[in-house]
Each structure stands twice: as structure tokens, then as C-alpha cells.
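Analysis of the macromolecular model
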Amino acid sequence: MSEHHDDGPVAAQTRHVEALLEARGLLDAVELDRALEAFLAGASPAQGARVVARAWVEPEFQDRLLADGNAALEELGLSMGGGIQPQRLKVVANTETEHNVIVCTLCSCYPIALLGPSPTWYKSEAYRARVVRDPRGVLAEFGTELPEHVRITVWDASAETRYLVLPRRPAVPVSDEAELAALVTRNGLIGTAVL
Amino acid sequence: MFSSGDRVRTSRADPAHHTRVPRYARGAVGSVVEPIGEHPLPDDRARGVTTVEPVYTVRFSARELFGEGDHDVTVDVWESHLESA
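Before going into details, it helps to say that this report is about the structure given with it.

So, the nonpolar core
Residues and elements named next belong to chain A.
- In terms of nonpolar packing, the biggest core is built from 61 residues, with Val51, Leu114, Tyr127 and Val154 touching the most fellow members.
- Tallying contributions element by element places helix H3 (residues 45-57) first for this core, with 6 residues.
- Look past the residues within four positions of leucine 114 in its chain and what remains in contact with it is Ser44, Pro45, Gln47, Gly48, Val51, Leu73, Leu78, Met80, Leu89 and Leu164.

Focus: the environment of Ile102(A)
- Following the sequence through the fold, Ile102(A) ends up in strand E2 (residues 98-103).
- With residues near it in sequence (within four places) discarded, Ile102(A) still touches Pro111(A), Tyr122(A), Tyr127(A), Trp155(A), Tyr163(A), Val165(A), Leu189(A) and Ile190(A).

Focus on the state of the cysteines
All names here are of chain A.
- Under the defined criterion, the tally for this structure stands at 0 disulfides over all chains.
- With no disulfide of its own, cysteine 107 lies closest to cysteine 104 among cysteine sulfurs, the gap being 3.4 Å.
- Looking at cysteine 107, the relative accessible area reads 37%, which means it is partly exposed.
- Residue cysteine 109 stays outside any disulfide, its sulfur separated by 3.6 Å from that of cysteine 107, the closest cysteine.

Here is what the cut-offs are and how they apply
Residues numbered from 1 in each chain as written. Chains lettered and ligands numbered in written order. Predicted model: local features only at pLDDT ≥ 70, side-chain atom pairs only at ≥ 80, totals over all residues. Heavy atoms only, no water. Core = buried A, V, L, I, M, F, W, Y, C linked by side-chain atoms within 4.5 Å. Buried < 20%, exposed > 50% of the residue type's maximum accessible area, 1.4 Å probe, protein only. Helix = DSSP H or I, 4+ residues; strand = E, 2+ residues; numbered from the N terminus. Contact = heavy atoms within 4.5 Å. Disulfide = S-S within 2.5 Å.

That is the geometry; function is a separate question.
Structure follows, in C-alpha cells:
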């Protein structure tokens, strides 16, 4: 993968447009850096893990999270803001019989506010094209083998909603919320892993 | 306007301009999971026109989309791209 830089020309174009906007006084480079830093400073899988751990220890919070993701985030001092407009968050819960996995087949939409920048494979054409057709096969390549009776739903983020998977709570004797959060992985929040 | 549970078919259109209906989901029948708010239609916005309309999460069976598979795929679709099925 490291020999391919498909996004090279796009990155160059973006820098070119940014330079033009700055030259014409339409964009303040310092302001742009400040906005990006503020956005990314709080954006890491640790935020998504916090949300999940709270849902595991507090069933009422889990109910609110699944009903209205954005409102539940506010309870934890989190938000889906920071981009051009606040995005709608839809949390989808794994159960004993249902497994969820997220993708953006058209580009690379991802809940950056909660998970930080997406992994390279999430943006790859291989993942995007294959996970909608053969999720069980793709999950197996991640080392995730699901029992036959588990039904898989793939959520394609093709509009303004960002998806987050609520993994099943691991069967370990841990009840402390922070310790539970430490068990949550990025792939678990995307749905390519179970915990 | 559609409601949760409604059967819908996505547009088969293959326009020259930008569209948000993924190719694999064109002309497919699915059921509305839920309405998810109103947003500018990207097909129009890409051409400099702002048209705000409802967007729905629609659930399709893999068999409907690909002719095989035992899973489901959901796609978020603007109302212009849906008709009752």
C-alpha cells in the first residue's frame, strides 16, 4: 500500500486552492490551522470508547444514545460539530444475533469527531467495494469470525449521517467505566472487530 | 414523504453529473428504516443550485442488490431518488 499515493494529486489540488484563497484574502491560514487543531485535538477513538463504556454501564444512557446519538453525546460534553456543519450521529448496537459494520462506499465519510482520522484501509477502494458485497468475508480477513446465526448489516454513510457501532460488552469481570473504555478498540467501533 | 417501513425503489438514473445514489443500489427495492432530516440535494448543489429535501435511511437485502448474500445494506437516500414500490 505504501507505494500507492492515490490521494497525491488531490492533496496537491487542495494545497493549490488553499493558496489561492489565501492570496485573495478569502482565507486566513492561521484561522484555518486553529480550526483544524481544535477539531482534531479532541477527536480520537478514546472519545468513542467513552461513549460505549457509558452505554455499557448505564442502560438508560444506552437507550438515549440509540434513540438520539447527538443528544446523548451532549451529556458527555461531546458533539459532532467542528466540521462545516454538525453531523447527525446514528449509533447501531451489536447484539447476540445482529452485527453492524460501517463504510462509506462513495468516499470516506467517518465519525471523525468521535474516532479521529480514519485508518487508511477504511478509505481503500478494496474495503469500500467489498464490505457491502461480502461483509462476512471481509470481517474474516480482519480475524473476526461471526457465528452463522448472526445477521450482518452494513451501513453505507452516503449522506449527512455518521455511524458508530456499539459493540457487545466483553465477558470479562470488569465494571469500572474507565477500565471498560480501555477495552474498546477503533475496529470495534467500526464493526470490523468484536471485543 | 415516506415513513418507516415503507417499501421504496431507488432511481435507476445514471446522470452525467454528481449523484449520491451508489451504483450498486440503483433501481433496488428496500424498506425505509427512518427519515433522517432534510439536507441539500448534492446532485443540485454540485451544479450551484440549493434544493433541500428529506433524506431516508433505506435497508436493502444483499440478495436484492447483488443477487446473493444473507446480509443487509443500508443506504441514505434523498427523496428525489426514491419512489413507492
